[in-house]
2 protein chains.
Amino acid sequence: MAIVQYNYPTIIKFGPGAVALAADAIKSRGLSRPLVLTDTGVAPLPFFQKIVDSLNAAGLMAGAFSSVYGNPVKSQVSAGVKVYHDHHADSLVIVGGGAALDVGKVVALMVHHPGDLFDYEDDKPGGLPVDREIPFMIAVPTTAGTGSEVGRSSVISDDVTHIKRIIFSPRLLPPLVLSDPELTVGLPASVTASTGVDALSHNVEAYLSKGFHPLADGIALQGIKLVAQNLETCIKEPGNLDARGKMLMASSMGATAFQKGLGVTHSCAHALSAVCDLHHGLAISIMMPACMRFNAAVAGDRLADMTHAAGATGDFAAWLEELQTRVGLPLKLSAAGVTPEHLDKLVEIAVNDVCHPCNPRPVSAADFRALFEAAL
Amino acid sequence: MAIVQYNYPTIIKFGPGAVALAADAIKSRGLSRPLVLTDTGVAPLPFFQKIVDSLNAAGLMAGAFSSVYGNPVKSQVSAGVKVYHDHHADSLVIVGGGAALDVGKVVALMVHHPGDLFDYEDDKPGGLPVDREIPFMIAVPTTAGTGSEVGRSSVISDDVTHIKRIIFSPRLLPPLVLSDPELTVGLPASVTASTGVDALSHNVEAYLSKGFHPLADGIALQGIKLVAQNLETCIKEPGNLDARGKMLMASSMGATAFQKGLGVTHSCAHALSAVCDLHHGLAISIMMPACMRFNAAVAGDRLADMTHAAGATGDFAAWLEELQTRVGLPLKLSAAGVTPEHLDKLVEIAVNDVCHPCNPRPVSAADFRALFEAAL
């Protein structure tokens, strides 16, 4: 039995209106010039301008950077760092989904750290240490999916190869999360659905991943229960703040739980984003049933625990497919533009992904090919 | 829906031998003079001297304070602060059960804070703020019960009245926990049993307590499962490191979960310690079945969830009584020296305790009297 390490996330203030606590949190630390960072989707929404205005109304000098989009690439981070310095900012308020949160966290890293962003890639031989000041940052999630607000890593793609790289440091964990369900009520149904299944997948793959981590296991099962009880409600009643809040919580729980590890579904999804630029949650949703059938050979008991947590009976993969259908997500990769010609490249990237070594069943190249084929 | 706050604990290094990581953790922070603080029970054990010796062998100058005992009182804290200063210490290694951990955490508080310890009592009108330096401290639990190593409070009694007072600050959370099951193998069976049931009670009362906190709920259910699967093994095979480790984990999980709240059992136990100086875990164990029967009127579903987590069927209170019997704990207060003459004082203290307002069913003075009578 080796010595293992457990970490837990940060202070979360949760509830409708929580975003209004940002100004006081900044002022109470003697800071005055926050940069509010978001993505191109959130920037034009009324609530975003309201956040900036409320900071200024509280006597702060808020700047804005809103050029994050897609699966974010390194050049977006560099642009954010430049705007941070141009504004003479002293803090960050990061508002958005996984892309904005991931970019914001590494903008915070790079404003006082030298070198190239990818010099800080996790486990990079000869990489640079995260040992300088990181400005105070507040994470404000606007989707219930990635859970990046409670995570210690960012996933940023190479501008040219589109391969996702993981920047990891405990210091990337935002010290304050404002988890405000009101910010998620305007999400399009398709985004609510695909990000919600992403949140589910974090809980699912964490629960299945190898290693002794009963805290993560407990959080994951409860996260699965929240998604099972609330995701469909968020689609059918977009303004239901109770269901929206519970999905936000399930999202933070998934990212808390996956400090234990993820698995094969995430390796497949990372390849699909790199090769076909698929939305991460959509890729996860389509791949997860096949991946769970693959895991059933070694993890039957744990799959049964998750079925119980979901309040379902029978096969966990079948329950996943029913959920996808009920929330309007496609079941097949072909519906998302993936073709057999992509297979070789998909397999190549998936095999080299960092997530599947935690999967309870080892995954070979042939296994990945079979999984992608099953999902086509 | 109000805005609520969630906090999670700290870095835990878990596994046999983890205590050996203390020296490096101190040295890597540029510190050199740890005070090793423990209780009178642990001090004469071989592993305690080994910890002190290993710190000195690593080039540190370790001092020792080992005068903690019983339900700890304020004068023990003052004595610890004096020894800290006499040693010119710059850090603390707190080794022991709940009493030592609670004393160590507030020794850390009082070495640089002015005034009286009880000026820092939670919610005290006109109390003093926790705003000065707190030295680096490492918590090393030697019982699987209190979980104080991951808690943000200490319970210290008044020397004269024996009333327990709660000192609370997020800054009382030790930044590093070394969770080493080897340190628990020598515990007497009665201590293993009563502390183990205390750990169980934290998970149980947290799961039942009012409020929306699904992370705590998930952790609590998994903690209950670990106790159900491992406590009896620790009694029958005291050297079973796997079971010992899982009980240590369940203990940390209980204290993590009870940031959500505790309940009626703890109010009863606090009164029993104050009036009859009962061991906390023993008081908890005897009171919990009656308290769970009391809660059944409003929390039937949650009691069923816990029965399921315990791998049992039927009535949760009955399962608790079976567990008590299997691990050799008494079922009645009379076996622990409590008499009907104590009732008035017990009820008076329990009603004023801070724990029961979180209980899912309100508890009146008459209810408390009935609960104590049922357990006599």
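Rules used in this analysis
- Residues numbered from 1 in each chain as written.
- Chains lettered and ligands numbered in written order.
- Predicted model: local features only at pLDDT ≥ 70, side-chain atom pairs only at ≥ 80, totals over all residues.
- Heavy atoms only, no water.
- Helix = DSSP H or I, 4+ residues; strand = E, 2+ residues; numbered from the N terminus.
- Rg over C-alpha atoms; globule rule 2.2 N^0.38 Å.
- Buried < 20%, exposed > 50% of the residue type's maximum accessible area, 1.4 Å probe, protein only.
- Contact = heavy atoms within 4.5 Å.
- Areas by Shrake-Rupley, 256 points an atom, 1.4 Å probe, with all protein chains shown as cover.
- Lys, Arg positive; Asp, Glu negative; His and termini not counted.
- Charge placed at Lys NZ, Arg CZ, Asp CG, Glu CD.
- Core = buried A, V, L, I, M, F, W, Y, C linked by side-chain atoms within 4.5 Å.
- Salt bridge = Lys/Arg side-chain N within 4 Å of Asp/Glu carboxyl O.
- Pairing = 2+ DSSP bridges.
- Right-handed = clockwise from strand over helix to strand, strands pointing away.
- Axes fitted to C-alpha atoms, helices over the stretch in contact; angles between N-to-C directions.
- Parallel < 35°, antiparallel > 145°, perpendicular 65-115°, else oblique.
- Left-handed = near helix turned anticlockwise from the far one by under 90°.
- Nonpolar A, V, L, I, M, F, W, Y, C, P; charged D, E, K, R; others polar.

(A) A look at the overall build of chain A. Helix and strand counts for chain A stand at 13 helices and nine strands. Its C-alpha atoms give chain A a radius of gyration of 20 Å, near enough to 21 Å, the size a compact globule of 376 residues would have. Expressed as lengths along the three principal axes of its C-alpha atoms, the size of chain A is roughly 60 × 50 × 45 Å. In chain A, buried positions account for 58% of the 376 residues. Partitioning the contacts of chain A with sequence separation of at least 6, the portion at a separation of at least 24 is 78%. For chain A, the accessible surface area stands at approximately 13,500 Å², while carbon and sulfur atoms represent 55% of it. With 27 positive and 36 negative side-chain charges, chain A shows a spacing of 3 Å between the two charge centroids.

(B) Inspection of the nonpolar core at higher detail. Membership of the largest hydrophobic core comes to 205 residues, with the highest contact counts inside it found for A:M292, A:F372, B:M292 and B:F372. Apart from residues no more than four positions distant in its own chain, A:M292 is found in contact with A:V204, A:E205, A:L208, A:T265, A:L303, A:F316, A:A317 and A:L320. A:L31, A:V42, A:V95 and A:L178 belong to the second-largest nonpolar core, a separate cluster that totals 23 residues.

(C) Structural view of the pattern of salt bridges. Tallied over the full model, the rule gives 26 salt bridges over all chains. Between B:K74 and B:D116 there is a salt bridge, and its shortest N-O distance comes to 2.8 Å. Of the two residues, B:K74 sits in helix α3 (residues 74-86) while B:D116 sits in the loop between α4 (98-110) and β6 (136-141), which places them 42 residues apart along the sequence. In the salt-bridge network here, residues are joined through shared partners; they are A:D217, A:K260 and A:R302.

(D) Expanded view of the pairing of β6(B). Residues and elements named next belong to chain B. Burial analysis of β6 places six of its six residues in the buried class, the great majority of the element. The side-chain alternation of β6 yields two buried faces, one formed by F136, I138 and V140 and the other by M137, A139 and P141. Alignment of strand β5 (residues 91-96) against β6, held across six bridges, turns out to be parallel. Bridging from a neighbouring strand, V93 pairs with I138 of β6. Following the chain from β5 across α4 to the adjacent parallel β6, one finds a crossover that is right-handed.

(E) Looking closely at the side chain of B:T195. Residue and element names in this part refer to chain B. Mapped onto the secondary structure, T195 falls in helix α5 (residues 189-208). T195 sits in the buried class, given a relative accessible area of 8%. Filtering out sequence-adjacent residues up to four positions away, T195 remains in contact with T143, A144, G145 and H279.

(F) Geometry of the pairing of strand β7 (residues 153-157) of chain A. Residue and element names in this part refer to chain A. Of the strand pairs in this sheet, β7 and strand β8 (residues 164-168) are connected by five bridges, and their pairing is antiparallel. Each bridged residue has a counterpart across the sheet, and for S153 the counterpart in β8 is F168. A loop of six residues connects β7 with β8, the two strands running antiparallel in sequence, and H162 in this loop sits at a positive phi of about 65°.

(G) View of the packing of helix α3 (residues 74-86) of chain A against helix α4 (residues 98-110) of chain A. Residues and elements named next belong to chain A. Contact pair α3 / α4: the axes reach a minimum separation of 9 Å and the direction vectors enclose 55°. Between α3 and α4, the crossing angle belongs to the class labelled oblique. Every pair of crossing elements has a handedness; the one defined by α3 and α4 is right-handed. Every residue of α4 that contacts α3 at Q76, V77, G80 and V81 is listed here: V103, V106, V107 and M110. In terms of residue class, the contact of α3 with α4 is built from six nonpolar, two polar and no charged.

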